[in-house]
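# Architecture and fold: a report
This is what each chain is made of:
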Amino acid sequence: MYLGTANGWLYESHNSGVNWQRLSRPGKRDDLVIDGIFIDPNDSKHMVIGAWVLGYKDGGVYVSNDGGVSWTGEAAMQGQAVLSLASAPSDPKLLVIGTLKGVYRSKDGGLTWMLISPPDSTEIHNVQSIAIDPANPNVIYAGTWHLPWKTTDGGTNWTNMKQGIIEDSDVFSIIVDPKTPQTIYTSACSGIYKSDNGGEMYHKVQGIPTTARRTRVLLQDPGTLTTVYAGTTEGLWRTQDAGKDWARTTDPAVIVNDVYVDRRDSKHVLLATDRGGILASEDGGDSFHASNGGFSARQVTAMKRDTMHVGTIYVGVVNDKELGGVFQSDDGGKGWVQHSKGLEGRDVFSLGQATDGTMIAGTSHGLYRLAADGGWNRATGLVTVSEPAVQPVTPALTRPPAITPRNQFTKKTGLKDSTVESPKQKLTPGQKAAVATATTATDAKGPSTRGKRAAAAKQAVPKAFDGSVLAVVNVDNSLMAATSEGLMKSVDNGANWMSVGVQGSGDWRYLAAAKTNVVAADLHAMHMSSDSGSTWTEVKVPEKLTQIAAISVEPSGEMWVGGREGIWATSNGGADWTTPKNLYINSVTGIYFDEAAVRMLITVSRMNFAFFVQLPDKTVTYADTGWDLRFIRPVGDHLVGATFFDGVVVQPSNAASGQRASR
């Protein structure tokens, strides 16, 4: 079996979809959405795929003659967004594709192509779906972003099929009954339609709610043609009486992109989903379980090794809602279990661990603590206190306004100023401790400010925090978090938090700590504290760096920063930045201080390499990981990496430099 992904990779399975492995990347690019796969029934080494690019008029047709190992892009279709692909059941060499420009046909297995829809047609373009009559290959159905069309003479003439279909319906899928070709099922954004006369007249299928009408795919059971599956944006629906009655067989949170029914055993059904990867059923769709061995489409944004349990790792993911959150591995990253009860589908941007072992999750909406029962509880207490003064850089650093690039997190706002405590509002013991700690820290500034700061602390009250939390680190015996509302600190293992750090700053994205040294940064500026966050100094960033993407700090206080233009280090608080010898890289995505090995772990995008800088002499080595990595972390005797769209990958134990990682 073969699996097409949205980042250009093609996977294969040799055990009916139980386990998967990467096969190749047609086009050698990471933005292709592989949305159509043809395997020649007379020669399984001959394959054709159609692909498109999200947000762009781009894509193409690729042909392989060695079972998908290597691919050749067809020059005539280069740059064409191929949205659909079908082969004629009566002639395997006849292929038809739908593109943004129209309908194309190949009579030689994909080697040459001809446009068979009217050139520059204002109607037959943006072709989302294709179907071919099982007996007559000249009868072709094309579903557009407006309505379906039909030709009975191989494309010379086309007829609009709109009787019974709501106008302006995106047609996602068309299937033709293999035994009764006059029976047509068509799915659109307005619902599912059925025709018993070859598309001349449709009637709407009832029984599927409006919210689930975006049906990505329709598929008949090849063994029982009265059974039809509808993969929708709200789960899988099934009819067993040719469309009269429908029932949903999955959770409504499942977004189905494709359906496969095993011709040898129709009880074996596979679903390709948006967030859950591959789901498998062995009972004809009554129940499903994950079938993702070797495959993951997760966007991992956070990772934390459990300091209390060797081999235990937690990762946080985004964009997966109820199917995402936090995952836990107890074997160094090989096997994973979802651990997200209480997060309510929130994206997890960061993970940390308190000194008592409590795991902390920084999400798109607030901070959470992992309880003993395995659920996450929200840290709702927030104490706002006066912030310590900032020692400015001379001359003052002028920076442009923050620009949020594509794929960056959306900033959340809404934290208000402190309010005066009313008689009915009381602080918990943990909140009182936080206020006391903050008051003590500010009292150390001197008698001239002691009274004002103490008064501010008395007036501070707990209030809900709902901002984004993009980093959590340990500083001495406390926790510090970089959030969209400023820097925050907890002295009671994450139960309660107070505002600290640089006055007037917000939207902190990066945070790193080593001993008492702490570095915080947004997209364009850095601040450093050498006393665990009590006082802060603004750091001048390298002139060539246009946007910060990663930071780190050594116990000695030496700071590191990286981005699109490269990587730099400074040992004098930013007065001078230098690039370590033999580390002339760009597009830096991660910098991490590996305390046990006394080295920096560095990742860059689209190179598949990890770089290791041994300290303090800064000797540079590197390894080909085989994966595009967001960051890497040490776990025991090996490294674990987070990819951008392929989940977690693990370096084999005691792997030599240059050995590739495995999933």
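The structure displayed is predicted, hence computed values, not measured ones.

Turning our eyes to something else, we now look at the environment of Val 300. Mapped onto the secondary structure, Val 300 falls in strand E28 (residues 299–305). Given the relative accessible area of 2%, Val 300 is considered buried. It is 7.5 Å that separates the C-alpha atoms of Val 300 and Phe 645, two residues lying 345 residues apart in sequence. With residues up to four places along the chain from it excluded, the contact list for Val 300 reads Val 315, Gly 316, Val 317, Arg 630, Phe 631, Ala 642, Thr 643, Gly 647 and Val 648.

Within the secondary structure, Ser 468 is located in the loop between helix H2 (447–459) and strand E38 (469–475). Among the polar contacts listed, one links the side chain of Ser 468 to the backbone oxygen of Ser 364, at a separation of 3.5 Å.

Across the five residues of strand E17 (residues 184–188), five count as buried, placing the element largely inside the fold. On E17, burial covers both faces: Ile 184, Thr 186 and Ala 188 on one face and Tyr 185 and Ser 187 on the other are all buried. Two elements, strand E16 (residues 171–176) and E17, share five bridges in a ladder whose sense is antiparallel. In the strand pairing of E17, Val 176 is matched with Ile 184. Pairing between E17 and strand E18 (residues 191–195): five bridges, direction antiparallel. Looking at the pairing, Tyr 185 lines up with Lys 194 of E18.

This part takes up the sheet that holds strand E31 (residues 337–338). Spatially, four strands are ordered E28-E29-E30-E31 in an open sheet, and the strand pairing comes out antiparallel. Unpaired on one side and paired on the other, E28 and E31 mark the two borders of the sheet. Where strand E29 (residues 313–318) meets strand E30 (residues 326–329), four bridges bridge the pair, whose relative direction is antiparallel. Its bridge partner lying in E30, Ile 313 is registered against Ser 329.

Regions with low pLDDT should not have their predicted coordinates read in detail. Of all residues in the chain, 85% have pLDDT values of 70 or greater, and the mean over the chain is 85. The secondary structure element of the chain with the lowest average pLDDT is helix H1 (residues 429–443), at 37, and the one with the highest is strand E10 (residues 103–106), at 98. pLDDT under 50 marks residues 385–460. Its contacts with residues more than four places away, or in other chains, come to 118 contacts. Confidence drops under a pLDDT of 50 for residues 654–660, and excluding neighbours within four residues, the segment shows 12 contacts in the predicted structure.

This part takes up the pattern of salt bridges. The tally for this structure, following the rule as stated, stands at 13 salt bridges. Asp 35 is the partner of Arg 216 in a salt bridge, and the nearest nitrogen-oxygen pair spans 2.7 Å. Residue Arg 216 is found in strand E20 (residues 215–220), and its partner Asp 35 is found in strand E4 (residues 32–39); the two are separated by 181 residues along the sequence. Judged by relative accessible area, which is 25%, Arg 216 ranks as partly exposed. Since its relative accessible area comes to 25%, Asp 35 is described here as partly exposed. In this structure, Asp 594 and Arg 599 form a salt bridge, with 3.0 Å as the shortest nitrogen-oxygen distance. No difference in accessibility class separates Asp 594 from Arg 599, as the two residues are buried.

Reading the values: the criteria
- Residues numbered from 1 in each chain as written.
- Predicted model: local features only at pLDDT ≥ 70, side-chain atom pairs only at ≥ 80, totals over all residues.
- Heavy atoms only, no water.
- Helix = DSSP H or I, 4+ residues; strand = E, 2+ residues; numbered from the N terminus.
- Buried < 20%, exposed > 50% of the residue type's maximum accessible area, 1.4 Å probe, protein only.
- Contact = heavy atoms within 4.5 Å.
- Polar contact = N/O pair within 3.5 Å; in protein donor to acceptor, adjacent residues only side chain to side chain.
- Pairing = 2+ DSSP bridges.
- pLDDT = per-residue confidence, 0-100.
- Salt bridge = Lys/Arg side-chain N within 4 Å of Asp/Glu carboxyl O.

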